[in-house]
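# Working through the structure, step by step
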Amino acid sequence: MAVTIEELYRNYGILADAKPEDLSQHKDAYQVILDGVKGGPKEKRLAAQFIPKFFSSFPELADAAINAQLDLCEDEDVSIRRQAIKELPRFAAGENIVRVADILTQLLQTEDSAEFNQVNTALVSIFKMDAKATLGGLFSQILQGEDIVRERAIKFLSIKLKTMPEDAMTKEVEDYIFTETKKVLEDVTGEEFVLLMRILMVLKGLQTMSGRQQLVELVVEQAFLEQALNPADPDTVDRLLQCTRQALPLFSKNVHSTRFVTYFCDHVLPNLSSLTSPVAELDIQLEVLKLLAEMSPFCGDMEKVETNLTMLFEKLLEFMPLPPEAEGENGENTLSDEPKLQFSYVECLLFSFHQLGKKLPDFLIDKINAERLKDFKIRLQYFARGLQVYIRQLRVALQGKTGDALKTEENKIKVVALKITNNINVLIKDLFHNPPSYKSTVTLSWKPVQKAEAVALKRPSGEDMGAGSTMKKQLSPPLPRRDARQIYNPPSGKYSATIGNFSNARRLQGRPGKRIRRQGPRPNLLSPPSHTHYTH
């Protein structure tokens, strides 16, 4: 016979009126309250409140009490579930904390938003009671639970961990997180990898130089840098992109990017044109070159500096065309033969070459033969003159524009284009020093700039135009006169924006038979910054 409301209140009164030392004598009264979970909605709601209140007084009924509360957490009535979940932290004492954390972690799979928030609140509550035990329950489900539970548990940690009080995040707790996360990283999806790295990056112990080095080692393991790159496999390319992106914020003058830069020079640049993009809209070549450029300032001592510089040099030549002939076969100007000036690609390659060139400053003098050097300088000169035309036109177009006027899509594109062309101009001027100089500093066009580096909209001075004007004296043969043919026309609407998404539905390590893949679309939590590819 089902327990009634009256019986629940009567037995609650017995327990509430008993002295603490006498509570254990009223086991039958507590059993009646446990039986309330078999009643109707009203009885269940009362049981959800009464069971945890006296839970600690009846250790011999602990399992029965937790199971009764768990039954209520799985009830069809959402209001009953919410009440039961709200009370779950009251069961979290001693050895029960891991069990309660495990239960709450499983409950993250709910699709009811209010219930989901309640589960989150309950988990945060018991985390503050015993962080390590709570993490034990969370990681147990991450390693062994259902896919949806694993996914949401990882997201919970990535969001909530940084908000936890400092006294909860002891060295022991941080060490435990690091150890368990390494286990999870043995088989992860792309999205999981990003979130797990986010978890590790908030740990105080890993924010030191040695800590960041440990994180880089973790990323290196995931990136498979000891293996050759298969450019035709989008999974392999995707893994390398995501790993590199996670490693980037860790690099510094003391934590070096050498292994990644070396891998890009050895395996990525030779296959640049055959890389298979994990996302159709992504300009994979530009994305790779941007990553290489961002890493290059943090490269340490390299075993093969000359080899790597040679690869960069060869790739740079591919994107820096020779000047076209002034006339076609019929003696007329052939503007259609103007080669495209790949500004975005050249900015990345020149910057990387400039950074690595500091390690071998005589490369262009002693390591390149005279004919090749002459060819290179002709290409630089042609590119630089095209730059000057475009820079002047951009500055005129942006002259006097401030505030909202600079926020239009067209003007934002022009501002970025001006950053790119100015950067290339500075780097080319350095290379035309005799001997070549590697002292100038530029901020890559897609990176934040300091106020002092804000775009100058003034007319260029003679010094600003130094690269183009000086080169005319240094190089031969001269380019056709400017009045004979136009060197460069600024682009007119033919911009292709690269969309920086990566497919996160595949595993980074791709080992078959490990876990079932998640179903359905998954959000991109970390997308690379959008950037416009400038060509003409």
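Let me begin by describing the structure that accompanies this report. Fair warning: this is a prediction, and the values are worked out from it, not measured in the lab.

The rules behind the values
- Residues numbered from 1 in each chain as written.
- Predicted model: local features only at pLDDT ≥ 70, side-chain atom pairs only at ≥ 80, totals over all residues.
- Heavy atoms only, no water.
- Phe/Tyr/Trp six-rings, centres within 6.5 Å; stacked < 30°, edge-to-face > 60°.
- Helix = DSSP H or I, 4+ residues; strand = E, 2+ residues; numbered from the N terminus.
- Buried < 20%, exposed > 50% of the residue type's maximum accessible area, 1.4 Å probe, protein only.
- Lys NZ or Arg CZ within 6 Å of the ring centre and 35° of its normal.
- Core = buried A, V, L, I, M, F, W, Y, C linked by side-chain atoms within 4.5 Å.
- Salt bridge = Lys/Arg side-chain N within 4 Å of Asp/Glu carboxyl O.

### Quick notes on the packing of aromatic side chains
All told, the structure shown has 14 aromatic pairs when counted by the stated rule. Centroid distance Tyr 12 to Phe 50: 4.3 Å. Interplanar angle 25°. Geometry classified as stacked. Taken together, the residues Tyr 12 in helix 1 (residues 5–17) and Phe 50 in helix 3 (residues 41–53) connect sequence positions 38 residues apart. Given a relative accessible area of 22%, Tyr 12 falls into the partly exposed group. Given a relative accessible area of 7%, Phe 50 falls into the buried group. An aromatic cluster is built from Tyr 9, Tyr 12, Phe 50 and Phe 54, whose rings are joined through pairwise contacts. Residue placement shows Lys 53 over the ring face of Phe 54; its charged tip is 6.0 Å from the ring centre. Sitting over the face of the ring of Trp 446, Lys 290 holds its NZ or CZ atom 5.4 Å from the ring centroid.

### A word on the nonpolar core
Residues Tyr 30, Ile 51, Leu 104, Leu 364 and Ile 428 are the most contacted members of the largest nonpolar core, which totals 158 residues. Broken down by element, this core gets its largest block of residues, 11 residues, from helix 19 (residues 370–398).

### Here's the deal with the pattern of salt bridges
Going through the model one piece at a time under the given rule, you end up with 25 salt bridges. Of the charged contacts, one joins Lys 132 and Glu 172 as a salt bridge, the two residues approaching to 3.1 Å between their closest N and O atoms. Of this pair, Lys 132 sits in helix 8 (residues 131–144) while Glu 172 sits in helix 10 (residues 171–184), placing them 40 residues apart in sequence. With relative accessibility at 34%, the residue Lys 132 sits in the partly exposed group. With its nearest N and O atoms 3.4 Å apart, the salt bridge here joins Lys 155 to Glu 191. In this pair, Lys 155 sits in helix 9 (residues 147–160) while Glu 191 sits in helix 11 (residues 190–201), placing the two residues 36 residues apart along the sequence. Classification of Glu 191 as buried rests on a relative accessible area of 2%. Where salt bridges share partners, they join Glu 151, Lys 155 and Glu 191 into one cluster.

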